[in-house]
Amino acid sequence: MKIDILTIFPDFFRGPLDYGIVRRARETGLVEVSIHDLRNFTKDKHRTVDDRPFGGGEGMVLKPEPIFECLESLGELAGRSERVVGDAKQSVILLSAQGRRLDQSLAAELSALDRIVLICGRYEGVDERVSEHLADREVSIGDYVLSGGELGAAVIVDTVTRLIPGAVGNEASTRQESFTEDAFAGRNARATRDGESGPSSTCVSGGLLDYPHYTRPADFRGMVVPEVLVNGNHDQIRRWRRRTALAKTLRNRPDLIERVALTEEDKELLAQIKGRS
Ligand code: SAM
């Protein structure tokens, strides 16, 4: 996948994309990230990227010209309505607090594309003509206001990259993570469940939060790992994981319980959990 980031702070990305899964994905060519400095697309000697808002009001607004010209310099990008060149599917995304909120299903959708372009706003925001005529979607990383789109772009690069087949060593692990419903998981969902063995194969989160994880030592300062996890009974482990995932989701994110399709076993486990609380 190709990822282009348009920003007035290119150095911002020196750190966040240089670690772990994203670094490896870049090194192996699974993702190719290019950072574009919007100031290189200005024409005045001060390299001005912002101006005062029409109609008055606070702050400055990012001008449209550098953004349009930068995008046009990227070549082979399709028009806004189709966003397909040959077989390559693309999306031009404006980072915005007013956008569709990023979640695992949107990340999965984006991970199936061949190219994404991320436009980072600053100041009071970006001239609206970028949203109206250039970007095909606006994406928010949460209901709060950031100073700029760069953090949001880094979040999108991270969450999208780890869903690209081959980016995470054990691909099954991205399927069993929090929020991952099979229907949402795009390509990853197609890996067969049947071909796997062991308790984790049947512990996909199914849209709930992930189950708790423990590692050695089994006894740390008197805090002991749940017995069921060390007894080797796969079916008991699977049930325990599902029950604890349901319990945590009920406690922290009850909205997710409303959304997912619960199995008969889930309903039975939920009844037990509610009976105990
Ligand atoms: N005036 C805007 C508003 O009230 O919606 C906020 C502008 S914000 C200070 C500057 C830039 O930060 C935005 O243009 C956008 O690119 C980015 N930004 C702010 N909050 C964001 C969020 N929750 N998700 C993604 N990008 C965000």
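What counts as what
- Residues numbered from 1 in each chain as written.
- Predicted model: local features only at pLDDT ≥ 70, side-chain atom pairs only at ≥ 80, totals over all residues.
- Heavy atoms only, no water.
- Helix = DSSP H or I, 4+ residues; strand = E, 2+ residues; numbered from the N terminus.
- Buried < 20%, exposed > 50% of the residue type's maximum accessible area, 1.4 Å probe, protein only.
- Contact = heavy atoms within 4.5 Å.
- Areas by Shrake-Rupley, 256 points an atom, 1.4 Å probe, with all protein chains shown as cover.
- Pairing = 2+ DSSP bridges.
- Right-handed = clockwise from strand over helix to strand, strands pointing away.
- Near = heavy atom within 4 Å.
- Polar contact = N/O pair within 3.5 Å; in protein donor to acceptor, adjacent residues only side chain to side chain.
- Nonpolar A, V, L, I, M, F, W, Y, C, P; charged D, E, K, R; others polar.
- Phe/Tyr/Trp six-rings, centres within 6.5 Å; stacked < 30°, edge-to-face > 60°.
- Core = buried A, V, L, I, M, F, W, Y, C linked by side-chain atoms within 4.5 Å.
- Patch = residues over 30% accessible without salt bridge, like charges linked within 9 Å, V, L, I, M, F, W, Y side chains within 5 Å.
- Salt bridge = Lys/Arg side-chain N within 4 Å of Asp/Glu carboxyl O.

Peer 1: Before we go on, may I ask you to explain the overall build of the protein chain in this structure?
Peer 2: Of regular secondary structure, the protein chain possesses 9 helices and 10 strands. Here the protein chain holds 277 residues, and the buried ones make up 43% of them. Contacts in the protein chain between residues at least 24 apart in sequence constitute 75% of all its contacts with a sequence separation of at least 6. Surface exposure of the protein chain reaches about 15100 Å², of which carbon and sulfur atoms provide 49%.

Peer 1: Please clarify how the pairing of strand β7 (residues 115-119) should be interpreted in this entry.
Peer 2: Moving residue by residue along a regular strand, the side chains alternate between the two faces of the sheet. Buried residues dominate β7, accounting for 5 of its 5 residues. Across the two faces of β7 the burial is the same, with R115, V117 and I119 and I116 and L118 all buried. When strand β1 (residues 2-7) meets β7, the two strands line up parallel, connected through 5 bridges. Pairing of D4 across the sheet is with V117, part of β7. Note: strand β6 (residues 88-101) against β7, 5 bridges, orientation parallel. Within β7, the residue paired with V92 across the bridge is V117. Handedness of the β6-helix α3 (residues 104-111)-β7 crossover: right-handed.

Peer 1: How should I be thinking about the site of the ligand in this particular structure?
Peer 2: Around the ligand sit 19 residues, and of these L95, Q98, E124, Y144 and L146 come closest. With respect to the ligand, the backbone of E124 contributes an N or O atom lying 2.9 Å from a nitrogen atom. In this structure, an oxygen atom belonging to the ligand sits 3.4 Å away from a main-chain N or O atom of G148. If the ligand stood free it would expose 580 Å²; the protein chains cover 84% of that surface. Looking at the shell around the ligand, the elements that each hand over two or more residues are β6 and β8 (137-140). Partitioning the shell around the ligand into residue classes produces 8 nonpolar, 9 polar and 2 charged.

Peer 1: Where do I start with the packing of aromatic side chains in this structure?
Peer 2: Note on aromatic pairs: each is described by the distance of the centres and the angle between the planes. Following the criterion strictly, the structure yields 2 aromatic pairs and no others. On the numbers, 5.3 Å between centres and 65° between planes, the contact of F12 with F13 is edge-to-face. Given the relative accessible area of 4%, F13 is considered buried. Ring centres of Y214 and W240 lie 6.4 Å apart, and the angle between their planes is 50°; on these two criteria the pair is classed as tilted. Of this pair, Y214 sits in the loop between α6 (171-175) and β9 (219-220) while W240 sits in helix α7 (residues 234-252), and the two are 26 residues apart along the sequence. Residue Y214 is classed as partly exposed on the basis of its relative accessible area of 47%.

Peer 1: Honestly, the nonpolar core in this entry has me stumped. Any pointers?
Peer 2: General note: in soluble globular proteins, nonpolar side chains tend to be found buried as a group. Core analysis: the largest hydrophobic core is formed by 28 residues, its most contacted members being I3, I5, L118 and I156. Secondary-structure elements contributing two or more residues to this core are β1, α1 (20-27), β6, α3, β7 and α5 (150-161). Broken down by element, the residue count for this core peaks at 5 residues, all from α5. When neighbours within four sequence positions are excluded, L118 is seen to be in contact with I3, D4, I5, L6, I93, L95, A153, I156 and V157. Counting residues in each nonpolar core, the second largest holds 18 residues, with L38, V49, L94 and V130 among its members.

Peer 1: It is not clear to me how the pairing of strand β2 (residues 32-37) should be interpreted in this structure. Could you clarify?
Peer 2: Across 6 bridges, the pairing between β1 and β2 is parallel. The partner of I3 across the bridge, within β2, is V33. Crossover connection from β1 via α1 to parallel β2: handedness right-handed.

Peer 1: I tried to follow the environment of M1 on my own but got confused; where do I start?
Peer 2: As for its position among the elements, M1 is in the segment before β1. For M1, the contacting residues outside a window of four places in its chain are L30, V31, E32, L110, S111, L113, D114, I116, V160 and I164.

Peer 1: Quick question: what am I supposed to make of a nonpolar patch on the surface here?
Peer 2: On the surface, a nonpolar cluster with roughly 440 Å² of combined accessible area is contributed by F9, F12, Y144, L146 and L151. Inspection of the secondary structure assignment puts Y144 in the loop between β8 and α5. Residue Y144 is classed as partly exposed on the basis of its relative accessible area of 44%.

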